[in-house]
Amino acid sequence: MTNTPNETPRRSRRRTLLLSALAAGAVTAGLLGATVAERRGDGGHRTNAALQRDVDALTALGATGVQARLTGPDGPDATAVGGVADVTTRQPVPADGYFRIASVTKAFVATVVLQLVAEGKLTLDDTVESRLPGVVSGNGNDGRAITVRDLLQHRSGLHDDYPDYTSAEDFQQHRNDTVTAEQTVARAVAHQPDFRPGTQWSYGNTGYVLLGMIVERVTGHPWHQEVHDRIVRPLALDHTSRPGATPALPQPHAATYQRFQDGGPLVDVTEQVGMGTNGEAGLISTTADLDRFFAALLGGKLLPPAQLAQLQQTVPVGQDVEPLMPGARDGLGLFSRPLSCGGLYWGHDGGDSGWITATGTTSDGRRAVTVSLSGVQIASPDDAVRIAAAENTLIDHALCGSD
């Protein structure tokens, strides 16, 4: 069964999860300051005392499973895990487990777009109408007024309309539904825009779906093929792929869970198609691959200096996100956030169906950290703030620590 643009949308938890995931980095330096103590562990990894403490803190907030990895310029990676991979078997979380990276996919799509800009096949000032004639129109939506830069930087004004599951029964019935990019855009333009393009900032997904469509129109290849050919294969990201309409994850992986009503049971929602067929949230990966990708991107291995500089031209985040992300600014596919030890870190996070992924990389690309949470339950704004604070503590400790 395929969702249609005029289908009644199901209640969405996507934005709540997404904003909490974006909020990694949202607490002040007063919560920080632990020193990093490391020792060699088994399997070619280091055990990092601060990393393990911070993973344990996230587990204590209710995530069923947590895995984190710190990659630096010298020595083996440091890894830490907490919780369980499965609430029934109680198996431990794998340190190299696969997970759905959700909106972290946007950073990959943005990198491809900026590569096309560097090659002269696109400009940031190209309009949506010039690349996708007639796709964004009606109800006050005007593709002639929206630029590629607006899409990359969440300044298009397009209204997101994404379905989600309302109950365990709804999940079982619809978990293998596929949603095309065209259907997602049709949902969006059925609404009036949230604001005039370029005048405000509001985090959304539809803009990146349009960017995926533009990549295909310019190159003749689907966005995920360009991501594979331009990023995944050159960097040997052997554990990063697009599952498409395949609901299962490769092994090993932790399961993820969702509670559809307060006090209700945890429902295993690991196997689903969801937005896996779309351009904004379609990849699965591992902590090692994400660290490698962001280190390469910030280290100048994927973009020429001019385009890397364009990526790092930022604007303030919106008022709905600023309380969760003090000091954060949005570039072209990456967010910058302050570090307690000085300077900035860059990354992009994502969340959906109990998954939350938080990433951070120093401006020179020398240190990168990724943390993946599974089975996260967010029942209130306070839950989101607590999770954001714990994620930020982990990222700041990892990136400010010494090798």
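Residues numbered from 1 in each chain as written. Predicted model: local features only at pLDDT ≥ 70, side-chain atom pairs only at ≥ 80, totals over all residues. Heavy atoms only, no water.

Caption draft 1: Fine view of the overall build of the protein chain. The helix and strand inventory of the protein chain stands at twelve helices and 17 strands. The 403 residues of the protein chain split such that 57% are buried. For the protein chain, long-range pairs separated by at least 24 residues make up 72% of all intrachain contacts whose partners lie at least 6 apart in sequence. Accessible area of the protein chain: about 15200 Å², with a carbon and sulfur share of 50%. (Helix = DSSP H or I, 4+ residues; strand = E, 2+ residues; numbered from the N terminus. Buried < 20%, exposed > 50% of the residue type's maximum accessible area, 1.4 Å probe, protein only. Contact = heavy atoms within 4.5 Å. Areas by Shrake-Rupley, 256 points an atom, 1.4 Å probe, with all protein chains shown as cover.)

Caption draft 2: Spotlight on the packing of helix α3 (residues 105–118) against helix α10 (residues 287–298). Taken N-terminus to C-terminus, the directions of α3 and α10 make an angle of 35 degrees; their axes are 12 Å apart at the nearest point. Classified by chirality, the crossing of α10 by α3 is left-handed. Note on element contacts: α10 touches α3 through Leu290, Phe293, Phe294 and Leu297, opposite Ala107, Phe108 and Thr111. Looking at the contact of α3 with α10 residue by residue, the classes come out as six nonpolar, one polar and no charged. (Axes fitted to C-alpha atoms, helices over the stretch in contact; angles between N-to-C directions. Left-handed = near helix turned anticlockwise from the far one by under 90°. Nonpolar A, V, L, I, M, F, W, Y, C, P; charged D, E, K, R; others polar.)

Caption draft 3: Broad picture of the confidence of the model for the protein chain. Scored by pLDDT, the protein chain has a mean of 87; 86% of the residues are at 70 or more. In this model, residues 1–16 is a region of pLDDT below 50 whose contacts with residues beyond four sequence positions or in other chains number 53 contacts. (pLDDT = per-residue confidence, 0-100.)

Caption draft 4: How the structure looks around the packing of aromatic side chains. A full pass over the atoms with the stated rule returns five aromatic pairs. A ring pair is formed by tryptophan 201 and phenylalanine 335, whose centres lie 6.3 Å apart and whose planes are at 80 degrees; its orientation type is edge-to-face. Here tryptophan 201, found in the loop between α7 (181–189) and α8 (206–219), pairs with phenylalanine 335, found in strand β13 (residues 335–338); they are 134 residues apart in sequence, far enough to count as distant. The buried category is assigned to tryptophan 201, whose relative accessible area is 8%. The rings of Phe108, Phe293 and Phe294 are connected pair by pair, giving a single aromatic cluster. We note lysine 106 situated over the ring of tyrosine 208; from NZ or CZ to the ring centre the distance is 5.8 Å. (Phe/Tyr/Trp six-rings, centres within 6.5 Å; stacked < 30°, edge-to-face > 60°. Lys NZ or Arg CZ within 6 Å of the ring centre and 35° of its normal.)

Caption draft 5: Here's a closer look at the pairing of strand β4 (residues 78–83). Pairing geometry for strand β3 (residues 65–71) and β4, over six bridges, is antiparallel. Bridge pairing links glycine 65 to glycine 83 in β4. In textbook terms, the turn of a hairpin is the stretch between consecutive antiparallel strands, and for β3 and β4 this stretch comprises six residues, one of which, glycine 75, has a positive phi near 80 degrees. (Pairing = 2+ DSSP bridges.)

Caption draft 6: Layout of unusual backbone geometry. Note that the residue after glutamine 251, namely proline 252, is joined by a cis bond; omega there is 0 degrees. A positive phi angle is found at histidine 154, which is not glycine, with a value near 60 degrees. If you trace the backbone, histidine 154 turns up in the loop between α5 (148–152) and α6 (168–174). Phi is positive for serine 353, which is not a glycine, with a value near 50 degrees. Take serine 353: it is sitting in the loop between β15 (350–352) and β16 (355–362). Serine 353 gets classed as buried once you look at its relative accessible area, which sits at 4%.

Caption draft 7: Up close: the nonpolar core. Counting residues in hydrophobic clusters, the biggest one holds 57 residues, and the most contacted among them are Phe108, Leu152, Leu210 and Phe293. Within the residue set of this core, elements represented by two or more residues are α3, α5, α7, α8, α9 (223–232), α10 and α11 (305–311). Per element, the largest residue contribution to this core is nine residues, and it comes from α3. With residues near it in sequence (within four places) discarded, leucine 210 still touches Val128, Leu132, Val135, Val136, Leu151, Leu158 and Val185. In terms of nonpolar packing, the next biggest core, distinct from the first, is built from 25 residues, Val369, Ala390, Leu394 and Leu399 among them. (Core = buried A, V, L, I, M, F, W, Y, C linked by side-chain atoms within 4.5 Å.)

Caption draft 8: Looking closely at the pairing of β3. Judged by how many residues are buried, β3 sits mostly within the fold: six of seven residues are covered. In the sheet, β3 pairs with strand β17 (residues 368–374) via seven bridges, with the strands oriented antiparallel. Across the sheet, glycine 65 pairs through a bridge with serine 374, a residue of β17.

Caption draft 9: Just the side chain of threonine 270, in detail. Position of threonine 270 among the secondary structure elements: in the loop between β9 (267–268) and β10 (284–285). Among the polar contacts listed, one links the side chain of threonine 270 to the backbone nitrogen of threonine 256, at a separation of 2.8 Å. Beyond its immediate sequence surroundings of up to four residues, threonine 270 is in contact with Arg100, Pro247, Leu249, His253, Ala254, Ala255, Thr256 and Trp355. (Polar contact = N/O pair within 3.5 Å; in protein donor to acceptor, adjacent residues only side chain to side chain.)

Caption draft 10: Seen up close, α7. With respect to burial, α7 is a largely interior element, seven of its nine residues being buried. Looking at the buried residues of α7, the elements they touch are β6 (137–138), β7 (141–142) and α8.

Caption draft 11: Summary view of the pattern of salt bridges. Enumeration over the complete set of coordinates arrives at eleven salt bridges. A salt bridge links arginine 233 to aspartate 229; the shortest N-O distance between them is 3.6 Å. (Salt bridge = Lys/Arg side-chain N within 4 Å of Asp/Glu carboxyl O.)

Caption draft 12: Inspection of the environment of threonine 184 at higher detail. Mapped onto the secondary structure, threonine 184 falls in helix α7. A residue is classified by how much of its surface remains accessible, and threonine 184, at 2% relative accessible area, is buried. Separated by 24 residues in sequence, threonine 184 and aspartate 160 have C-alpha atoms that sit 8.5 Å apart.

Caption draft 13: Structural context of the state of the cysteines. Applying the stated criterion across every chain yields a total of one disulfide. Linked covalently through their sulfurs, cysteine 341 and cysteine 400 form a disulfide whose S-S length is 2.0 Å. The sign of the -80 degrees torsion about the S-S bond sets the cysteine 341-cysteine 400 disulfide as left-handed. Taken together, the residues cysteine 341 in the loop between β13 and β14 (344–347) and cysteine 400 in helix α12 (residues 381–400) connect sequence positions 59 residues apart. (Disulfide = S-S within 2.5 Å.)

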